[in-house]
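Secondary and tertiary structure notes
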Amino acid sequence: MMYGGWDGHGFMPFLPMLLIALPFAIGNYFLAERLKQPSWLWALLTLIPIVNYFFMLYAAYMVVYAVLDRLAPREASPEGG
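Criteria and cut-off values
Residues numbered from 1 in each chain as written. Predicted model: local features only at pLDDT ≥ 70, side-chain atom pairs only at ≥ 80, totals over all residues. Heavy atoms only, no water. Helix = DSSP H or I, 4+ residues; strand = E, 2+ residues; numbered from the N terminus. Contact = heavy atoms within 4.5 Å. Areas by Shrake-Rupley, 256 points an atom, 1.4 Å probe, with all protein chains shown as cover. Expected span 1.5 Å × (residues − 1). Bend = angle between axes of the 7 residues up to and from the residue. Buried < 20%, exposed > 50% of the residue type's maximum accessible area, 1.4 Å probe, protein only. Phe/Tyr/Trp six-rings, centres within 6.5 Å; stacked < 30°, edge-to-face > 60°.

Another aspect to go through is the overall build of the protein chain. Scanning the protein chain from terminus to terminus reveals three helices and zero strands. Secondary structure elements of the protein chain occur, N-terminal to C-terminal, as α-α-α. Taking the intrachain contacts of the protein chain between residues at least 6 apart in sequence as the baseline, contacts between residues at least 24 apart amount to 36%. Surface summary for the protein chain: the accessible area is close to 6,600 Å², and the carbon and sulfur share equals 72%.

As structure tokens, then:
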């Protein structure tokens, strides 16, 4: 029986989402170090439901921009690579 809107199982629906997000949080922690970003914040934002969807899009774009920034000097060189 539910009293006051709490049945004691409020955390259980989020447990599968956290278990799925945990490997991504670990990966984003190390990725943030390489991109010189705050690694603890990247890991935390990856674990928060709903926020993690938008944050993963942001992280993907940050990786793309980092790759493009590393390729830019090669395009500018006269040899092209």
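Here we take up helix α3 (residues 51-76). Taking 1.5 Å of rise per residue, the 26 residues of α3 would be expected to cover 38 Å, and the 38 Å separating its terminal C-alpha atoms lies within 8% of that figure. Along α3, the helix axis deviates most sharply at R70, where the bend reaches about 25 degrees; the proline P73 sits within four residues downstream. Within α3, the full set of buried residues consists of N52, F55, A59 and A66. Looking at the packing, one finds that the buried side of α3 touches α1 (15-34) and α2 (39-47).

On to the environment of A66, then. Mapping A66 onto the fold places it in helix α3. It is 7.4 Å that separates the C-alpha atoms of A66 and L35, two residues lying 31 residues apart in sequence.

Here A59 is to be found in helix α3. Taking the C-alpha atoms as reference, A59 lies 8.8 Å from A32; in sequence the two are 27 residues apart.

Further remarks concern the packing of aromatic side chains. Per the stated rule, a full pass over the model turns up five aromatic pairs. Aromatic pair W42 and F55: ring centres 5.2 Å apart, planes at 90 degrees, arrangement edge-to-face. Here the residue W42 occupies a position in helix α2, and F55 occupies one in helix α3, the gap between them amounting to 13 residues. The class for F55 is buried, based on a relative accessible area of 6%. Measuring from centroid to centroid gives 5.2 Å for Y53 and F54, while their planes differ by 80 degrees, and the two rings are edge-to-face. Each member of the pair, Y53 as well as F54, is classed as exposed. Connected via pairs of aromatic rings, a cluster forms that spans W42, F55 and Y58.

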